[in-house]
Amino acid sequence: MSDLAISAPQLECFSVTASPPRLVPGSAERDWMDFTNQRFAYRCTPLTMANTTGWELLNPTGFWATWTGLNGKDDVILRPDDPKAPMHHVSLGFGHGIITFHPGYLFRTAPGWMTWARGAPNRLKHGIQALDGLVETSWLPFTFTMNWKFTEPGTVYFAKDEPFCFITLVPSLPIESVQPVTRPLADEPQLEREYKLWLSERTKFNIGLAQGDPITLEQKWQKNYLVGKSPSGRTVADPDHRTKRSLKSPISAEQPDQRTALDVPSQLATAFQSDKPTPAVVMRQAFPSFQTAYGAAPPEPTQSPSVDNLPTARSEQPAKLQPNEKRASGTGTKRSKAEKIPSSKKKPTKT
């Protein structure tokens, strides 16, 4: 398969146990970020974007784990909060201070896509380290495990509902065609001017903070990355620029209409209502070979799609509105609790 002829991204999660761990979209919040001065860590957009670009598998049972420092399989001792709680999702098969978690799912991705399994980004855990794994889930007919290795003898605690695994999708082959090139910044005069202007502005800003300049203190931080624009305004981000991300929660294959208007960006509303998977729109634009294989994009709507002509979510059973049917005035779609972002996190930017 060509490195560009990849299918639209998809993620199917086949449960292999009766009660697999919960799978939820990645959360932006981190305890250590909450405790930074004025929660400034949340101003770092790349940090929060990394936290939310994937899905978390949550630990179903709290437990303590102690490593003696030796390499035997019995040299890690597990003690669950509830002695009667099942611990099928944890095992000690490798020794060497390694704890193995079993996700409880067989993951399947489309051709050309792999699953990156790791610890939740920017989540710190003293005394133990998550081990990353890149898995070819486009063909794999069996499961993989998530492993953590003690960094020193001692005891750690995995709380109930704490993420023990974070998965995200990456293309398999395109990166192999990347040729890194090093050269002097002076080779790109316009880029060099933009960089020097940013560096000068950054230096002045940091001096202002250090000296307690009232105007600088009121500004709190520079927002160039947040707004997607260089200090001169001559360099701007492309339309894919994001300052936050909210991924979809898993749905049952037997109830696909659980998706709601809030799950779908407005620019993909037409694709959502069509018989094509939503990501196909993006793939058609990115890869001509995808359009050749799967056909042209659906025709553009006569008027811009809006939330008013998307299906609304109901507690009993989802219902789809007709194309020309309008919702009664005074009604609307409420945001879920997970979508409400504290005011201090609304405008993160790069640190």
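Here we summarise the structure given alongside this text. (Residues numbered from 1 in each chain as written. Predicted model: local features only at pLDDT ≥ 70, side-chain atom pairs only at ≥ 80, totals over all residues. Heavy atoms only, no water.)

1. Some words on the pattern of salt bridges
What counts, and what does not: Note on definitions: salt bridges are taken to be side-chain nitrogens of Lys or Arg within 4 Å of carboxyl oxygens of Asp or Glu. Buried means the residue's accessible area, taken with a 1.4 Å probe over protein chains only, is under 20% of the maximum for its type, while exposed means over 50%, and partly exposed covers the values in between. In this text, helices come from DSSP runs of H or I with a minimum length of four residues, and strands from runs of E with a minimum of two, each type numbered from the N-terminal end.
Enumeration according to the criterion identifies six salt bridges in this entry. A salt bridge links Asp34 to Arg39; its shortest N-O distance comes to 3.3 Å. For Asp34, a relative accessible area of 27% translates into the label partly exposed. In this structure Arg39 comes out as partly exposed when scored by relative accessible area, which is 22%. Residue Lys196 is joined to Glu192 by a salt bridge in which the shortest nitrogen-to-oxygen separation is 3.5 Å. Residue Lys196 and its partner Glu192 are located together in helix 3 (residues 189-210), separated by four residues, close to a single helical turn.

2. Here's the deal with the nonpolar core
Here is the rule: Note on terminology: a nonpolar core comprises buried Ala, Val, Leu, Ile, Met, Phe, Trp, Tyr and Cys residues joined through side-chain atoms within 4.5 Å. Should any heavy atoms of two residues lie within 4.5 Å, those residues are counted as being in contact.
Core analysis: the largest hydrophobic core is formed by 27 residues, its most contacted members being Ile99, Phe101, Trp148, Phe150, Phe158 and Ile167. Looking at this core, the elements that each hand over two or more residues are strand 3 (55-58), strand 4 (63-67), strand 7 (98-101), strand 8 (105-109), strand 10 (128-131), strand 12 (146-150), strand 13 (154-158) and strand 14 (163-171). Apart from the residues lying within four places of it in its own chain, the contact partners of Ile167 are Leu11, Leu23, Gly54, Trp55, Phe107, Thr115, Trp116, Ala117 and Phe144. Counting residues in hydrophobic clusters, the runner-up holds five residues, among them Met33, Ala41, Tyr42 and Cys44.

3. Digging into the sheet that holds strand 12
Rules: The pairing criterion is simple: DSSP has to find at least two bridges between the two strands.
Ordered in space as 6-7-12-10, the four strands form an open sheet in which the pairing is antiparallel. The sheet is open, and its two edges are formed by strand 6 (90-91) and strand 10, each paired on a single side.

4. Topic: the pairing of strand 8
Of all five residues in strand 8, four are buried, a share of seventy percent or more. Pairing analysis gives five bridges linking strand 1 (residues 11-15) to strand 8, with the strands arranged antiparallel. Within strand 8, the residue paired with Phe14 across the bridge is Leu106.

5. What about the sheet that holds strand 14?
Operational definition: Lines fitted to the C-alpha atoms define the axes, with helices restricted to the stretch that makes contact. Angles between their N-to-C directions range from 0 to 180 degrees.
Read across the open sheet, the five strands follow the order 2-3-14-9-11; overall the sheet is antiparallel. Among the strands making up the open sheet, the edge pair consists of strand 2 (23-25) and strand 11 (133-135). Strand-to-strand, the axes of this sheet are offset by a mean angle of 30°, without reference to chain direction. Bridge count for strand 2 against strand 3 is three bridges, and the pairing is antiparallel. The residue of strand 3 that forms the bridge with Leu23 is Leu57.

Everything listed here is a matter of geometry and, on its own, says nothing about what the molecule does.
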